[in-house]
Amino acid sequence: MPKPVKITDIRLTALAGGTVDGGWANELKPEDDLNTIVEVLTDEGLIGIGSAYTSKGLVAAAVQLMRPLLIGERADEPARVTEKLRQSLFWQGRGGAVEHAISGIDIALWDLFGKICNQPVCRLLGGCYRDRIKPYGSLLFDEPPLLREKLQHAVARGFKAIKMGWRPFGRRDRRTDELLVKTARDTVGPGIELMVDAGGSEQFWPHGYKWALETAKMLADYDITWFEEALPPDDIDGFVELRRQSPVPITTGEVLTRRQSFWPFLQRHAVDIIQPDATKCGGLTEAWRIGWMAYEHNILMVPHGWNTAIGLAADLHLTAAMPVARYVEYLTPSPYLDEIIQNPFRVDADGNLRVPTGPGLGIELNPEGMRKFGR
């Protein structure tokens with residue numbers, strides 16, 4: 001029996017200097033590090049690559065706690081190893097930044113598992129139901145002239161679906177909200193899917209159920225594919241009622257961590273679509289579990305992916321391994337997607353992305369891009 005590959009070290013790199021549009025809130029700057037690349041090193045020289053959606057300082061603090069639990073562990077059992085971390089660090093934080101750090105490690109371990117077995121991650125997750133997936137170009141709302149330019153750029157890149165999110169939508173008045181949505185539909189025409197993300201997880205979100213329902217009715221007039229984060233992320237009762245009454249599908253889930261946090265949304269049918277983020281919720285292991293729970297409740301899973309090319313690769317493998325799946329999120333434009341890996345993802349003529357077929361996640365870091373944005 002071959003000797004197991006063992007974990008010897010963990011390397012962290014913050015990404016800074018390329019945060020889209022200065023971030024989603026005024027207090028964030030392009031220089032802020034919001035994503036951390038996690039590399040798990042082994043005694044055989046193989047390196048697994050992961051991504052955590054939180055700052056390097058927080059990931060480093062969590063990794064300091066985890067290091068004694070990780071060094072010397074097998075590199076080919078991601079689900080067991082990360083559940084060990086989750087259970088062992090229970091008193092240090094159920095979810096939050098600790099779970100974000102576990103997420104990056106879990107993704108890196110799945111990458112290693114694939115490299116050790118010489119198989120793509122999607123096959124190790126249970127099998128490939130598809131080899132191409134539609135990405136939706138994800139961008140921030142802006143004033144109508146600038147929004148029009150952003151949308152034209154996304155269409156020119158080949159996207160057949162586009163999501164618009166956050167300010168100024170929902171921050172002024174209903175007239176502004178409808179103007180933004182009308183501008184978008186007039187710009188892209190009827191052949192492009194449009195999604196709207198209100199950004200209800202923003203601090204001090206001012207709107208409740210009635211605003212959300214009236215807005216959903218307006219969005220239906222413009223053939224919007226889904227309405228995301230219309231309410232604060234913990235308002236389960238509000239989501240239950242909104243989902244019952246809304247003429248457009250309702251989605252949320254990007255800020256939740258650990259599979260247990262998703263259960264009430266699924267059990268109570270609070271959403272039409274659930275959106276775990278593999279770089280936050282616990283990695284591919286937890287996102288896969290959440291996706292299957294959603295499937296059993298006849299709820300679609302669409303992974304949230306406002307992060308990196310590593311996160312996108314993980315989402316492609318995850319979505320390929322789900323029996324029912326339709327989209328992945330593709331942040332655009334973003335150097336963290338376009339510059340930090342060799343052979344960046346490109347939308348094909350049909351508006352799809354191909355699932356990588358190489359071992360593990362099927363990607364390699366681009367040293368030049370990592371030097372440019374790595375901290």
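For the structure, check the block above.
What you see is a predicted model, and the numbers here were worked out from it, not measured in a lab.

Draft legend 1. Region of interest: helix H9 (residues 259-267). Along H9, the residues that are buried comprise Arg259, Phe262, Phe265 and Leu266. The arc that holds the buried residues of H9, viewed along the axis, is 110°, so those residues lie on one side. In this fold, the buried residues of H9 make contact with helix H2 (78-88), helix H8 (236-245), strand E8 (250-252), strand E9 (273-274) and helix H10 (283-296). Among the residues trailing H9, His269 stands out with phi positive, at a value near 50°.

Draft legend 2. Representation of the packing of H9 against H10. Between H9 and H10, whose axes approach to 10 Å, the crossing angle comes to 15°. As judged from the angle between their axes, H9 and H10 are roughly parallel. Relative to H10, the crossing made by H9 is right-handed. Residues Arg259, Gln260, Phe262, Trp263 and Leu266 of H9 lie in contact with H10, whose contacting residues are Glu286, Arg289, Ile290, Met293 and Ala294.

Draft legend 3. Highlighting the environment of Asn307. Following the sequence through the fold, Asn307 ends up in the loop between strand E10 (300-301) and helix H11 (309-320). Asn307 sits 57 residues away from Glu364 along the chain, and the two C-alpha atoms are 16 Å apart. Those residues within four positions of Asn307 in sequence are excluded, and the remaining contacts are Asn35, Asp277, Thr279, Leu312, Leu331, Tyr336 and Leu337. Within the structure, Asn307 has its side chain in polar contact with the side chain of Asp277 (distance 3.4 Å).

Draft legend 4. Main features of the packing of aromatic side chains. A complete count under the given rule lists 14 aromatic pairs for this structure. Both rings, one in Trp226 and one in Tyr327, keep their centres 5.4 Å apart while their planes meet at 80°; by these two values the pair is edge-to-face. Taken together, the residues span a long stretch of sequence, with Trp226 in strand E7 (residues 224-228) and Tyr327 in strand E11 (residues 327-331) at a distance of 101 residues. Residue classification places Tyr327 among the buried residues on the basis of a relative accessible area of 8%. Through a chain of ring-to-ring contacts, the aromatic side chains of Phe141, Phe169, Trp205, Trp211 and Phe227 assemble into a single cluster.

Draft legend 5. Structural context of the sheet that holds strand E2 (residues 35-42). The strand order E1-E2-E3 describes an open sheet built from three strands, whose pairing is antiparallel. A single partner strand is all that each edge strand has here, and the edge strands are strand E1 (7-15) and strand E3 (47-52). Direction aside, the axes of adjacent strands within the sheet are offset by 20° on average. Sheet topology note: the E1/E2 ladder contains eight bridges and is antiparallel. If you follow Leu15 over to E2, its bridge partner there is Asn35. This element, helix H1 (residues 56-70), spans E1, E2 and E3 of the sheet and lies at about 175° to E1. Across the sheet, helix H3 (residues 96-117) is in contact with E1, E2 and E3; its angle to E3 comes to roughly 150°.

Draft legend 6. A look at H11. For H11, spanning twelve residues, the distance from its first C-alpha to its last is 16 Å, which sits close to the expected 16 Å at 1.5 Å a residue. Across the twelve residues of H11, twelve count as buried, placing the element largely inside the fold. Listed in full, the buried residues belonging to H11 are Ala309, Ile310, Gly311, Leu312, Ala313, Ala314, Asp315, Leu316, His317, Leu318, Thr319 and Ala320.

Draft legend 7. Expanded view of unusual backbone geometry. That bond from Arg167 to Pro168 is cis: its omega, 5°, falls within 30 degrees of zero. Assignment of secondary structure puts Pro168 in the loop between strand E5 (161-165) and helix H6 (174-188). Looking along the chain, the bond that leaves Thr332 and enters Pro333 is cis, with omega of -10°. In this model, Asn343 sits at a positive phi of 55°, which is unusual for a non-glycine residue. With respect to the helices and strands, Asn343 occurs in the loop between helix H12 (335-338) and strand E12 (353-354).

Draft legend 8. Main features of the pairing of strand E4 (residues 132-140). Most of E4 sits out of view: seven of its nine residues are buried. As paired elements, E4 and E12 share two bridges and run antiparallel to each other. Its bridge partner lying in E12, Arg132 is registered against Arg354. The sheet contact formed by E4 and E5 spans four bridges and is parallel.

Cut-offs and rules
- Residue positions within a chain follow its written sequence, with the count starting from 1.
- For this predicted model, a pLDDT threshold of at least 70 governs which residues receive local features, and a threshold of 80 or more governs which side-chain atom pairs are given and counted, while totals over whole chains, interfaces and linings are taken from all residues.
- For side-chain calculations, the full set of non-hydrogen atoms in the structure is used, while hydrogens and water are omitted.
- Burial classification: accessible surface area is computed with a 1.4 Å probe over protein chains only, and a residue below 20% of its type maximum counts as buried, one above 50% as exposed, and the rest as partly exposed.
- Helical segments are the DSSP runs of H or I of at least four residues, strand segments are the runs of E of at least two, and each set is numbered from the N terminus.
- In this description, the arc belongs to the directions extending from the helix axis to the C-beta atoms.
- Contacts are assigned to residue pairs with any non-hydrogen atoms lying within 4.5 Å of each other.
- Under this scheme, a helix contributes an axis fitted over its contacting stretch, all axes are lines through C-alpha atoms, and angles between N-to-C directions fall in the 0 to 180 degree range.
- An angle below 35 degrees is read as roughly parallel, one above 145 as roughly antiparallel, one from 65 to 115 as roughly perpendicular, and any other as oblique.
- It is the rotation of the near helix from the far one that decides the hand of a crossing: anticlockwise by less than a right angle makes it left-handed, clockwise makes it right-handed.
- N or O atoms within 3.5 Å of each other form a polar contact, as long as, within protein, one can give a hydrogen and the other can take it, and as long as residues adjacent in sequence are counted only when both atoms are side-chain atoms.
- Ring pairs are drawn from Phe, Tyr and Trp, using the six-membered ring of Trp, whenever the two centres fall within 6.5 Å, and their geometry is named by plane angle: stacked under 30 degrees, edge-to-face over 60, tilted for the rest.
- In short, DSSP must find at least two bridges between two strands for them to pair.
- Every helix has an expected span of 1.5 Å times one less than the residues it contains.

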